[in-house]
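These are the residues of each chain, in order.
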There are 2 protein chains.
Amino acid sequence: MNQQKKIVLIGCGNVGYHLGRRLKKRGVHIVQVHSRTKKRAKRLAKKINVPYTTDLGEIVADADLYILAVRDDVIGEVAAKISERSSNALMVHTSGATPSTVFAPYTNRYGIFYPLQTFSINRAANFKTIPLCVDAVELEDFIFLKQLAEQVCRNVYHITDEQRAILHVAAVFVNNFTNHLFHIGENIVEKEGLSFDILKPLMQETVEKIMKHPAKSMQTGPAIRGDKKTIERHLDYLEQYPDYQELYEKITKNIQLS
Amino acid sequence: MNQQKKIVLIGCGNVGYHLGRRLKKRGVHIVQVHSRTKKRAKRLAKKINVPYTTDLGEIVADADLYILAVRDDVIGEVAAKISERSSNALMVHTSGATPSTVFAPYTNRYGIFYPLQTFSINRAANFKTIPLCVDAVELEDFIFLKQLAEQVCRNVYHITDEQRAILHVAAVFVNNFTNHLFHIGENIVEKEGLSFDILKPLMQETVEKIMKHPAKSMQTGPAIRGDKKTIERHLDYLEQYPDYQELYEKITKNIQLS
């Protein structure tokens, strides 16, 4: 059924680019893509062979669904523009951070289509394993979005605004903040002329352990052992990186308290 | 050649257990294992079919190599005991944190045999990918240790005390601290009755990205975007976890400064 429904995808950044490709690949009928940046709009439009526009005034008016894969701070203004062209349109956004009620001033039919993953243009996305969180105000819209999600990936969840906000906080810890720790590790070893590759098997195992065991039971190292001598030695070494030193102290205490 | 060399393994904890099994599997001649804890000594001894002792006074005296896989704070005292039984014995330890010079008061022949990985008894260790860092004072000992390491795994590195200290600091960031962030994510979602499984594909992708791209170029999320509204919303939510809230603020600033 979804093949016949007409979908407009707004936003061709990291999420829009990969979601657009996946929808198209799964036979979903995208009638138009939009980006304010011509280069981005063109890149995706060409990849999936659909028309594009850079002008919100030219958005297709009678689509069955508008997917907004745009920055959180412009969701409202894009929704306003769409509602001018298409009153009572079904709109969803793909963000983990913004409540779906951002749409409420512009339409009664709105929801969420949030792939819980980190996307980068230059890296393939494996939608089979990506959890897709959906929600909608109207039951009929929800059923449609859920079917659409199931066409795209295997792990579809009904997640409310409140739950999504919580997932997003947790996602920041396990993804953004973890990536920053990797960045710190990379900086430290490369500054000393060592290869970051030496640490890669350790990083992979750190995550693989968590797939099967609770994180707390997998904690090792000087903090959990209460190995003061090593901790002091590390803090001494980190004198040259005051930010890292402070973070080291803070997380060490945090581990010891939890 | 190593098959004929007699090796004593002291310590049957996370590292000793897995290293002992791997050495044995690769045909290395372990003549004895030791642990202060009878249960641990027995568990490994039985697994690899070698004699065990819980008494350092009963350590085999004429071994070619003593591998100390013990807590950092007892390396010195164990080395002292061995030197009583076996003067000028070749001793190595498996720790990332302690300089090899800890052996200097007890023998002139010492070195390092440090597998850069996180081990847990109840989880299989994949030695093929584990980096093994070796070092020694005497060239002849170094050559022997390097050959032994190559018998055990594919990635053998000559790493000095100074380099190892730096690798260990970095390892704490990318492993111990990362694991703690996973623990925080797990706590947050489970307290709200959500399954941690929803976050697992994200965690796997976080690491997989780093295998091929510099961490900095893979950073996403509200901190790097400067998305103040989302950051404030997250900090509000974290009011109930003051430690997590403080950490969130600190890492966010750190990301923005780097």
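Residues numbered from 1 in each chain as written. Chains lettered and ligands numbered in written order. Predicted model: local features only at pLDDT ≥ 70, side-chain atom pairs only at ≥ 80, totals over all residues. Heavy atoms only, no water.

Student: Looking at this structure, I do not really get the relation of the copies chain A and chain B. What am I missing?
Tutor: One copy of the chain maps onto the second through a rotation about an axis and a displacement along it. For the pair chain A and chain B, the superposition axis carries a translation of 0.0 Å, the fit reaches an RMSD of 0.0 Å, and the rotation angle comes to 180°. Expressed as a symmetry operation, the mapping of one chain copy onto the other fits a two-fold axis. For chain A, the smallest separation between a C-alpha atom and the rotation axis is recorded for Thr178(A), amounting to 2.7 Å. With an isologous cut-off of 70% or more, the 100% of interface residues of chain A that recur at the interface of chain B puts this contact in the isologous class. (Least-squares fit on C-alpha atoms with pLDDT ≥ 70 in both. Contact = heavy atoms within 4.5 Å.)

Student: Honestly, the sheet that holds strand β7 (residues 131–136) of chain A in this entry has me stumped. Any pointers?
Tutor: Note on sheets: strands pair through backbone hydrogen bonds, and any given pair is parallel or antiparallel. All names here are of chain A. Read from one edge to the other, the open sheet built from 8 strands follows the order β3-β2-β1-β4-β5-β6-β7-β8, with strand pairing classed as mixed. Two strands bound the open sheet, and with one partner strand each, they are β3 (52–53) and β8 (155–158). Those strands touched by helix α1 (residues 14–25) are β1 (7–10), β2 (30–34), β4 (65–68) and β6 (110–115), and its axis lies near 170° from that of β2. Of the strands in this sheet, β5 (91–93), β6, β7 and β8 touch helix α5 (residues 161–191), which is tilted by about 25° from β6. (Pairing = 2+ DSSP bridges. Helix = DSSP H or I, 4+ residues; strand = E, 2+ residues; numbered from the N terminus. Axes fitted to C-alpha atoms, helices over the stretch in contact; angles between N-to-C directions.)

Student: Mind showing me how you'd approach the interface of chain A and chain B here?
Tutor: The parts lose accessible area when they come together, and the size of an interface is often stated as this lost area. Facing 86 residues of chain A, the contacting portion of chain B comprises 87 residues. Summed over both sides, the interface of chain A with chain B buries roughly 8,800 Å², with 67% coming from carbon and sulfur. Summed over the shared surface of chain A and chain B, the number is 6 salt bridges. A salt bridge links Glu205(B) to Arg123(A), with the shortest nitrogen-to-oxygen separation between them at 2.7 Å. (Buried area = accessible area lost by both parts, 1.4 Å probe. Salt bridge = Lys/Arg side-chain N within 4 Å of Asp/Glu carboxyl O.)

Student: Please clarify how the sheet that holds strand β7 (residues 131–136) of chain B should be interpreted in this entry.
Tutor: Within the open sheet, the 8 strands sit side by side as β3-β2-β1-β4-β5-β6-β7-β8 (chain B). Their pairing is mixed. Two strands bound the open sheet, and with one partner strand each, they are β3 (52–53) and β8 (155–158) of chain B.

Student: Please clarify how the pattern of salt bridges should be interpreted in this entry.
Tutor: Any two side chains of opposite charge can pair, so long as their charged atoms come close to each other. This model, assessed by the stated rule, comprises 20 salt bridges over all chains. Taking the shortest distance from any N to any O, the salt bridge between Arg109(B) and Asp141(B) comes out at 2.9 Å. With Arg109(B) in the loop between β5 (91–93) and β6 (110–115) and Asp141(B) in helix α4 (residues 139–152), this residue pair connects regions lying 32 residues apart in the sequence. For Arg109(B), a relative accessible area of 24% gives the class partly exposed. Each of Asp72(A), Arg225(B) and Asp227(B) takes part in one network of salt bridges that share partners. (Buried < 20%, exposed > 50% of the residue type's maximum accessible area, 1.4 Å probe, protein only.)

Student: Hey, could you run me through the pairing of β7(B) in this one?
Tutor: Along any regular strand the residues' side chains alternate between the sheet's two faces. Residues and elements named next belong to chain B. The buried count for β7 comes to 6 of 6 residues, which makes it a mostly enclosed element. In β7, alternate side chains face the same way, and those of Pro131, Cys133 and Asp135 on one face and Leu132, Val134 and Ala136 on the other are all buried. In this structure, β6 lies alongside β7, joined through 5 bridges in antiparallel fashion. Considered in β7, the bridge of proline 115 is made with leucine 132. Strand direction decides the pairing type here: β7 and β8, joined by 4 bridges, are parallel. When the sheet's bridge partners are listed, cysteine 133 is paired in β8 with tyrosine 157. Of the crossover connections in this fold, the one passing from β7 over α4 to the parallel β8 is right-handed. (Right-handed = clockwise from strand over helix to strand, strands pointing away.)

Student: I'm lost on α4(B) in this one. Help?
Tutor: Taking 1.5 Å of rise per residue, the 14 residues of α4(B) would be expected to cover 20 Å, and the 20 Å separating its terminal C-alpha atoms lies within 8% of that figure. Listing the buried residues of α4(B) in full gives Asp141(B), Phe142(B), Phe144(B), Leu145(B), Leu148(B), Ala149(B), Gln151(B) and Val152(B). (Expected span 1.5 Å × (residues − 1).)

Student: Where do I start with the packing of α5(A) against helix α9 (residues 242–257) of chain B in this structure?
Tutor: For any two helices packed against each other, the geometry comes down to the angle between their axes and how far apart the axes lie. At their nearest, the axes of α5(A) and α9(B) sit 10 Å apart, and the two run at 45° to each other. The angle between α5(A) and α9(B) falls in the class oblique. Crossing hand, α5(A) versus α9(B): left-handed. The residues of α9(B) that touch α5(A), namely those facing Val172(A), Phe173(A), Asn176(A), Phe177(A) and His180(A), are Tyr244(B), Tyr248(B), Ile251(B), Thr252(B), Asn254(B) and Ile255(B). (Parallel < 35°, antiparallel > 145°, perpendicular 65-115°, else oblique. Left-handed = near helix turned anticlockwise from the far one by under 90°.)

Student: Is there a simple way to explain the packing of aromatic side chains in this structure?
Tutor: To describe a pair of aromatic rings, one takes the distance between the centres and the angle between the planes. Residue and element names in this part refer to chain A. A complete count under the given rule lists 14 aromatic pairs over all chains for this structure. For the ring pair tyrosine 241 and tyrosine 244, a centre distance of 4.9 Å and an interplane angle of 20° mean the geometry is stacked. One exposure class covers both tyrosine 241 and tyrosine 244, and it is buried. Lying across the ring of phenylalanine 144, lysine 5 places its NZ or CZ 4.8 Å from the centre. (Phe/Tyr/Trp six-rings, centres within 6.5 Å; stacked < 30°, edge-to-face > 60°. Lys NZ or Arg CZ within 6 Å of the ring centre and 35° of its normal.)

Student: Just checking my understanding: could you explain the pairing of strand β4 (residues 65–68) of chain B for this structure?
Tutor: All names here are of chain B. Burial along β4 is two-sided: Leu65 and Ile67 facing one way and Tyr66 and Leu68 facing the other are all buried. The pairing of strand β1 (residues 7–10) with β4 spans 4 bridges and is parallel. Across the sheet, leucine 9 pairs through a bridge with isoleucine 67, a residue of β4. One ladder, built from 3 bridges, connects β4 with β5; its direction is parallel. Residue pairing in the sheet places tyrosine 66 in a bridge with methionine 91 of β5. Each parallel crossover has a hand, and the one from β4 via helix α3 (residues 75–85) to β5 is right-handed.

Student: I would appreciate a short explanation of the nonpolar core in the present structure.
Tutor: Side chains of nonpolar character tend, in soluble globular proteins, to be buried together. Residues Phe173(A), Ile188(A), Leu199(A), Phe173(B), Ile188(B) and Leu199(B) are the most contacted members of the largest nonpolar core, which totals 82 residues. Each residue touching Phe173(B), except ones within four places of it in the same chain, is listed here: Leu181(A), Ile184(A), Ile188(A), Leu238(A), Tyr244(A), Tyr248(A) and Thr178(B). (Core = buried A, V, L, I, M, F, W, Y, C linked by side-chain atoms within 4.5 Å.)

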